[in-house]
Amino acid sequence: MDRQALTYFLETFGCQMNVLDSQLVEGQLQAHGLRRVSSTRDADLIMFNTCSVRQHAEDKVLSRLGELKRVKLHRPDTIIGVLGCMAERMKNELFEQAPHLDLICGPGELFRLPELLADVAESRTPVAALTDSLSRRTSKVNRGHEVDPLEVLDQSRTTDVSANVLQAYVRVQRGCDKFCTYCVVPFTRGPERSRPPAQIVDEARRLVDAGCREITLLGQTVNSYVHPEDGRAVRFAELLERVNDIDGLDRLRFVTSFPADWDEDIFRVMRDYPRVCPYLHIPAQSGSDRILKAMKRTYTVAEYLRLMDTAREYVPDIALAGDFIVGFSGETADNFQSTVDLVRRVEYKSLFVFKYSVRPGTAADRSQLDDVPAEIKAQRNNELLAVQSEISLRQKQALVGQTVEVLVEGYSKAARKARSANNGELVQLTVQSEQDRGSEATREPLSNQLVGRTPHDLITVFNGTADHIGRLVHVRVDSASPLTLFGQIAD
Ligand code: SAH
Ligand code: SF4
Ligand code: F3S
């Protein structure tokens, strides 16, 4: 038993930003000699990278923290930390709710984590690392020069065995300036700051050199990216072109787009550069102008629809994904019907639907009532998902008989289950699992089931071998469900 190396357990909640932050944090911890374990039972450090976007997300973490009281009683040396948005939002209140907590660290301070952990281990007193200047607001361009300590520190992400090398996230901006009235993100992640384009391209190139085939650029409002360079402004369309030009990259995606202040050049790049996937995640949030105004989304339904039409003029087969909040303050049955109408009209590829959750400190919390009953929220949530499910199924059935290009991510969930039942081993989902290539696949079809995505982000399941993992293959579609295409390898 090796008691030399400290072990850590890290569980991630929330959006892609948090997934990326966790990868970067893990790279740093491993560079400091820490070893990851998959159970809190075996961990010297237990950390949660948290999300505050809805109360439900916070409740999950609070309940996990509650369970750890026992651990702390039995093993008082264990260090327990809350990282990310909940730390920044709740600040010292977290210590009040969970007195056995040792560390809180906001998203802007994660680059200091190894030092903070050492501090806690030595002093045995709780430590809080928060960014108190988060509400500071200066002009966009002035902020552009800020460095990104977490990414600059990161040297290990590309060699870290736990990272998924086939597909990677690259941050292009931090924070958000939109202050939608319901949303906590500007308070937890601070003002919008774009990274220098050269830094982004370098990081992407490093990932591609290490075997990455698909890059997703991340920002809360990714299309508002702007950074000064040689006396002019580099905007998002130009950044896309520059990342697109990296040799060896197969696919380029970006999330999330904000419908206002759209720059048509982005559609032009999507049309003209085949590596840029025909996929756009562009939340509308509501189909009612009155609600959009109360949310401070700064566009109307007609403007949003016009933008979707323009998207389809440039990229006729574009796959659109949307977010909607149901049961926002004052949402009437008619307002909700307008949302249903919008969803039917746009014909999204997929939808994320959320029940409105009041966030303390937001404008909606201060000035609007949470007046839609929980049952009505749940009902609207289900209704909207049912409407989308019909649309999704119809779209996918139209692909039956056609051939789609799939980037193979690994074995499907069912295959991994079958395989772990067969030989007690979990097959890794990454291209790095070289050892899988040699292993004999069993004859059971389920255990040969692979999964990947098309450029339109359609999940596709088919039979193949470990050799296919990490490659682009063509799959002939022979059936479809609302969420998945099923088929056979065609080449
Ligand atoms: N920056 C992205 C989304 C960030 S949060 C954007 O603006 O599109 C992800 C989604 O969570 C949002 O699109 C919204 O639909 C939902 N969301 C945010 N705050 C919420 C709240 N208070 N209650 C319910 N859903 C919320
Ligand atoms: Fe939140 Fe609005 Fe910013 Fe998205 S754009 S992160 S919903 S404030
Ligand atoms: Fe959640 Fe923070 Fe992302 S609040 S959605 S983890 S930016």
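Worth saying up front: this structure is predicted, and the values here are computed from it rather than measured.

Criteria and thresholds
Residues numbered from 1 in each chain as written. Chains lettered and ligands numbered in written order. Predicted model: local features only at pLDDT ≥ 70, side-chain atom pairs only at ≥ 80, totals over all residues. Heavy atoms only, no water. Salt bridge = Lys/Arg side-chain N within 4 Å of Asp/Glu carboxyl O. Helix = DSSP H or I, 4+ residues; strand = E, 2+ residues; numbered from the N terminus. Buried < 20%, exposed > 50% of the residue type's maximum accessible area, 1.4 Å probe, protein only. Pairing = 2+ DSSP bridges. Axes fitted to C-alpha atoms, helices over the stretch in contact; angles between N-to-C directions. Parallel < 35°, antiparallel > 145°, perpendicular 65-115°, else oblique. Left-handed = near helix turned anticlockwise from the far one by under 90°. Contact = heavy atoms within 4.5 Å.

Colleague: Hey, could you run me through the pattern of salt bridges in this one?
Modeller: Side chains that carry opposite charge are capable of pairing whenever their charged atoms lie near each other. Per the counting criterion, the structure on display carries 31 salt bridges. Where Glu331 meets Arg380, a salt bridge forms, and the shortest distance between an N and an O atom there is 2.9 Å. You can see Glu331 sitting in the loop between strand S15 (319–326) and helix H14 (333–346) and its partner Arg380 sitting in helix H16 (residues 374–397), a full 49 residues away along the chain. Here Glu331 falls in the buried class, since its relative accessible area comes to 4%. Here Glu390 ties to Arg344 by a salt bridge, and the two come within 3.8 Å at their closest N and O atoms. Taken together, the residues span a long stretch of sequence, with Glu390 in helix H16 and Arg344 in helix H14 at a distance of 46 residues. The class of Glu390 is partly exposed, set by a relative accessible area of 46%. Arg344 gets classed as partly exposed once you look at its relative accessible area, which sits at 43%. Three or more residues joined by partner-sharing salt bridges are found here, namely Glu214, Arg251, Arg253 and Glu405.

Colleague: Quick question: what am I supposed to make of the sheet that holds strand S21 (residues 484–489) here?
Modeller: The strand order around the closed barrel built from five strands is S17-S18-S19-S21-S20, with neighbouring strands paired in mixed fashion. Taking each pair of neighbouring strands and ignoring which way they run, the sheet shows an average axis angle of 50°.

Colleague: Would you explain the pairing of strand S7 (residues 167–171) in this entry?
Modeller: Moving residue by residue along a regular strand, the side chains alternate between the two faces of the sheet. Of all five residues in S7, four are buried; the element is thus mostly enclosed. Relative to strand S10 (residues 214–218), S7 is paired through five bridges, and the arrangement is parallel. Directly across from Gln167, in S10, lies its bridge partner Glu214.

Colleague: How should I be thinking about the packing of helix H9 (residues 197–209) against helix H10 (residues 236–244) in this particular structure?
Modeller: Two numbers describe how H9 lies on H10: the axes approach to 10 Å, and their chain directions differ by 30°. Here H9 is positioned roughly parallel relative to H10, judged by the angle of their axes. You can see that H9 and H10 cross each other, and the crossing is right-handed. Residues Pro197, Ile200, Val201 and Ala204 of H9 form the contact with H10, whose own contacting residues are Leu239, Arg242 and Val243.

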